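Observations on chain architecture
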Amino acid sequence: MSRTLLSKFLFIRLPRTCNLKSMYATFNNRKAVNENVPKLLNQHVPHVNPFESEIEQFIKTNHSLTGINQFQENIISKYKSKLLTKESFDAIFMRMCLACRNYQLGKQFLHHIHQTGRQANTATLAKFLSLCYFCSAEVEDKSEIKKLCLSITDSWQDGLKLLEEDEAAQFSSSMNAAVNCLLKHNHFDSAMLWMDKMIAKERPIFDFVYEHWLRKCAENHNCWETFSDFLVRNGVFLKQPIVQKLKEVLQNRSRDPFIGQFTAIDEDSGRCQSCQKVLQNTDITDEEFAALRNRITEKVLLGTDVFLGSKPEEMQRFEELLKTTGPYDIVIDGLNVAYHMSIKSRKQPSAKVDALMSVVKHFKNQKLRVLVLTRKHLLTGVPLQRMKQEAHVFVTENLSRDDPFLLCAAVQSKHTKFVSDDLFRDHLFRLADFRLQAIFRLWQLKFHYPRPYHTVSQFADGCWHIPYDDGTPRYSYESPTTWLCLQPKSQA
Ligand SMILES: [Zn+2]
């Protein structure tokens, strides 16, 4: 088995020379495509694909869509790219209208799609809504887009209610627009709730929203309290231009200003190279872990969540297994591991099972107690029997959600490691307790990224230490190595 592939799951730190197909998707800070550009000053964002430049040129030089059909045909046959097809063209064209902030052409293009008897797909529509949002001054008929483009309508609260009720409409663009609108009207707590929800749903929070927060923080002292709580609670890493603004806001405010320095933390000692203070330790006490375990069991497993797709008998079977064979050293997310480890030969049905088996054997050889959670369609008959000789196995029905089971098995012991690239953000959100959420994150990080100090934003002895994303590629379980150190000006 490839050591590189395995390391992704075992969280062993290896030199970053791996070339995984899925690696791109695991980067937290993967290169943003242009549509999200909040147009920070006059920042230029290069195009990821060459055909984008050509589409941009078309948008910049044409005031109408005459010739769009010919243009579409030509550009698709010219680049012969899997990324640019008849199906994807609409969304790409709209994305480029958005990048150029060309509302008029975007609107014409949406009409053009409808005129040709087609329906705009979700991606295209979402881009158009973002375009409306950014070009709100040009939008004449606001009722048409009232549902989603909240902040450009007068009755934004109705729009927000609609968005709350209609989960299907909760795109990144509409959710970001909602938060921006709430900030505009100084509803900080509601804005924060929406941002927590976005984190849980793994929707990106756009930089213009962070910028808006920081503008509010400059005006309102309490706003910083709310915003900094969010950074600590969600372990969010801001990008460099945003953290630069944050530094300016806290340095320039009249009440309790700070002095900021960009710095690094010594990995072995946890000492800040700027202020020489040692960052907080990451130990979780037994009491804290017990509280986390009880809450997860109560909320995730005994709550209603798990029954969404599970039968009560399945639950009983699982509880019985935990009682008789737990706790485990290793809990494996079978489907997740089988899928990622068999990338090269995914088409062969047996490849996934073999890949999973090799991971199980790896742990078994170390004499560890292993639980494999999997679904029926992956393991039946002989493969299931083979697996049962190596590990404890719990097979869920194909329709069941297996992540609550996985989570519950993993928290049975503080020392259990779980093998999955699922970060359980959704469940974290459901814990609905900030203290437990912080413990949960700490517990995850301990295995994924062991450090003698806490690797998220933290406040101690009157000082802030805030890690930020300087654009260096890293895996999703890694933390950035660049930090902002903020000391109270009064102590300088
Ligand atoms: Zn420091």
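The shown structure was predicted, so the numbers you read here are calculated from the model rather than taken from an experiment.

**Here we look at the packing of helix H11 (residues 207–219) against helix H12 (residues 221–234)**
At their nearest, the axes of H11 and H12 sit 6 Å apart, and the two run at 140° to each other. As far as their axial angle goes, H12 and H11 are oblique. At the point where H11 passes H12, the crossing takes the left-handed sense. Contacts from Trp213, Lys216 and Cys217 of H11 reach H12 at Cys223, Trp224 and Phe227.

**Comments concerning the packing of helix H5 (residues 89–99) against helix H6 (residues 103–115)**
For the pair H5 and H6, interaxial distance at closest approach is 9 Å and the crossing angle is 165°. The angle between H5 and H6 places the two elements in the roughly antiparallel class. Here the hand of the crossing between H5 and H6 comes out left-handed. Mapping the contact onto sequence places Asp90, Phe93, Met94, Cys97 and Leu98 in H5 and Leu105, Gly106, Phe109 and Ile113 in H6. Considering only residue class, the contact of H5 with H6 consists of seven nonpolar, one polar and one charged.

**Comments concerning the sheet that holds strand E6 (residues 417–419)**
On the basis of which strands lie adjacent, the open sheet formed by four strands has the order E5-E4-E3-E6 and parallel pairing. Edge strands, defined here as strands with exactly one partner in the open sheet, are strand E5 (392–396) and E6. Mean inter-strand twist for the sheet, computed between neighbouring axes without regard to direction, equals 20°. Where strand E3 (residues 330–333) and strand E4 (residues 370–375) come together, four bridges link them in parallel fashion. Residue pairing for E4: Ile330 is matched across the bridge by Val370.

**Some words on unusual backbone geometry**
Backbone geometry follows two general trends: most residues other than glycine have a negative phi, and most peptide bonds adopt the trans configuration. Pro327 follows Gly326 through a cis peptide bond whose omega is -10°. The residue Pro327 is located in the loop between helix H15 (312–325) and E3 in this model. The backbone of Arg101 shows a phi angle near 55°, a positive value even though the residue is not glycine. Within the secondary structure, Arg101 is located in the loop between H5 and H6.

Quick notes on the rules
- Residues numbered from 1 in each chain as written.
- Predicted model: local features only at pLDDT ≥ 70, side-chain atom pairs only at ≥ 80, totals over all residues.
- Axes fitted to C-alpha atoms, helices over the stretch in contact; angles between N-to-C directions.
- Helix = DSSP H or I, 4+ residues; strand = E, 2+ residues; numbered from the N terminus.
- Parallel < 35°, antiparallel > 145°, perpendicular 65-115°, else oblique.
- Left-handed = near helix turned anticlockwise from the far one by under 90°.
- Contact = placed C-beta atoms within 7 Å.
- Nonpolar A, V, L, I, M, F, W, Y, C, P; charged D, E, K, R; others polar.
- Pairing = 2+ DSSP bridges.

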